[in-house]
Amino acid sequence: MKLALDKIFNLYSLIAINIAIIILTLTVGGGKFFYESGLIHAIAILFIILAVSRAFGHYYTYDPILEKFFHASLVALAVFAASHLVEFFSIEVLKEYKDATFAEVANLYLVSLLFIIIGAEFFLKIRHSWAVIIQKISGVAIFILLAFSAALLINDRLVSLEPERPTPYIYAGLIFIVGLTAIVEVLKIKQLVSITRSFTNYLSAAIVLIIFAAVPNIFYELLEKGFGIAEYKIVYFSHFAFYAALSLLFLAFGKLSFLGGVYEDLKKLEQQAK
């Protein structure tokens, strides 16, 4: 099943699918059909299913420390995917466009990036003692973000993303800082463990797209009121980045099945023993 998915959804087919979706979204029904029908959100569910399917695979790392990084990245993928379910439920089921909804999505984006950082530090703390401090700070930040999201479910007036308020700029700063930190830590693992090169390349690119997906959500009022960008176009841009990020995460975990070298030999020995 996993091999079939890899053959069907490879880099080139996913690029073609993403481009086709962008073209159709921007042209069908004058560019508004996918937004007005909710199809733009339904397509996201399909990408979520595709990406989350990676959670059911076994990855032959045979390195308990490195495997913690991969598992934390899987958790990050799940949280990132869950962020859209929150948005989908609020917009399509409750029919609500509230600042609290977009703040909750941004919170989950940050949580997913923090999980990547925590996972990377499991490996990097072998070389650097301060990695443990980064893990603890990230853990506290995750708790605060999830607690704030829970509070927003109770009182959606706790946050405002109006351009006159500091909140969107604080969120943007956090997204960029946490996102860039995640990229730096992931690239450190790439330098230290050459077999992770393909995985870390895709993961780093996905992090960049997560940042791009977050920006329209955070600044949707500024983009709409300040720059006159139509609401449906803001939603489109965010979702295009979301689709692409999930595509890259799907491809990243696919690379763990083909690490090569001694890992491939160990994989064959395990399969022979079954």
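No experiment lies behind these values; they were computed from the predicted model shown. (Residues numbered from 1 in each chain as written. Predicted model: local features only at pLDDT ≥ 70, side-chain atom pairs only at ≥ 80, totals over all residues. Heavy atoms only, no water.)

A. Region of interest: the packing of helix α6 (residues 99-124) against helix α8 (residues 167-192). Contact pair α6 / α8: the axes reach a minimum separation of 9 Å and the direction vectors enclose 25°. The orientation of α6 relative to α8 falls into the category roughly parallel. Every pair of crossing elements has a handedness; the one defined by α6 and α8 is left-handed. Of the residues contributing to the contact of α6 with α8, the split by class is 19 nonpolar, 3 polar and 3 charged. (Axes fitted to C-alpha atoms, helices over the stretch in contact; angles between N-to-C directions. Helix = DSSP H or I, 4+ residues; strand = E, 2+ residues; numbered from the N terminus. Parallel < 35°, antiparallel > 145°, perpendicular 65-115°, else oblique. Left-handed = near helix turned anticlockwise from the far one by under 90°. Nonpolar A, V, L, I, M, F, W, Y, C, P; charged D, E, K, R; others polar.)

B. Inspection of the pattern of salt bridges at higher detail. Summed over all chains, the structure comprises 2 salt bridges. For Lys188, the salt bridge identified is with Glu185, shortest N-O distance 3.1 Å. Taken together, the residues span about one helical turn, with Lys188 and Glu185 both in helix α8 at a distance of 3 residues. We classify Lys188 as partly exposed; its relative accessible area is 25%. (Salt bridge = Lys/Arg side-chain N within 4 Å of Asp/Glu carboxyl O. Buried < 20%, exposed > 50% of the residue type's maximum accessible area, 1.4 Å probe, protein only.)

C. Representation of the environment of Ala78 within the structure. On the secondary structure map, Ala78 appears in helix α5 (residues 64-93). According to the relative accessible area criterion, Ala78 is partly exposed, its value standing at 39%. Counting along the chain gives 30 residues from Ala78 to Ile48, while the straight-line C-alpha distance between them is 8.6 Å.

D. Structural view of the confidence of the model for the protein chain. Chain-level statistics for the protein chain give a pLDDT mean of 86 and a share of 86% at 70 or above. Per-element confidence in the protein chain is highest for helix α2 (residues 11-27), whose mean pLDDT is 96, and lowest for helix α12 (residues 261-273), whose mean pLDDT is 44. Ignoring residues within four places in sequence, the model shows residues 261-274, a span with pLDDT below 50, making 15 contacts including any to other chains. (pLDDT = per-residue confidence, 0-100. Contact = heavy atoms within 4.5 Å.)

E. Seen up close, the side chain of Asn18. Residue position: Asn18 is located in helix α2. Classification of Asn18 by relative accessible area gives buried; the value is 11%. One polar contact links the side chain of Asn18 to the main-chain carbonyl oxygen of Leu14, over a distance of 2.7 Å. Side chain to side chain, Asn18 and Ser247 meet in a polar contact 3.1 Å long. With residues near it in sequence (within four places) discarded, Asn18 still touches Phe47, Phe240, Tyr243, Ala244 and Ser247. (Polar contact = N/O pair within 3.5 Å; in protein donor to acceptor, adjacent residues only side chain to side chain.)

F. Quick peek at a nonpolar patch on the surface. Judged by side-chain polarity, Leu24, Val28, Phe33 and Leu39 come together as a nonpolar surface patch covering roughly 300 Å² of accessible area. Residue position: Leu39 is located in helix α4 (residues 39-52). Residue Leu39 is classed as partly exposed on the basis of its relative accessible area, which comes to 31%. (Patch = residues over 30% accessible without salt bridge, like charges linked within 9 Å, V, L, I, M, F, W, Y side chains within 5 Å. Areas by Shrake-Rupley, 256 points an atom, 1.4 Å probe, with all protein chains shown as cover.)

G. Representation of the environment of Val105 within the structure. Within the secondary structure, Val105 is located in helix α6. When the C-alpha positions of Val105 and Leu85 are compared, they lie 9.2 Å apart, and in sequence the two are 20 residues distant. Sequence-distant contacts of Val105, defined by excluding residues within four places in its chain, comprise Ser83, Glu87 and Asn217.

H. The nonpolar core, seen in detail. With 81 residues, the main nonpolar core has Phe69, Tyr109 and Tyr243 as its most contacted residues. With 17 residues, the single largest contributor to this core is α6. Other than its neighbours up to four places away in sequence, Tyr243 contacts Asn18, Ile21, Ile40, Ile43, Ala44 and Phe47. (Core = buried A, V, L, I, M, F, W, Y, C linked by side-chain atoms within 4.5 Å.)

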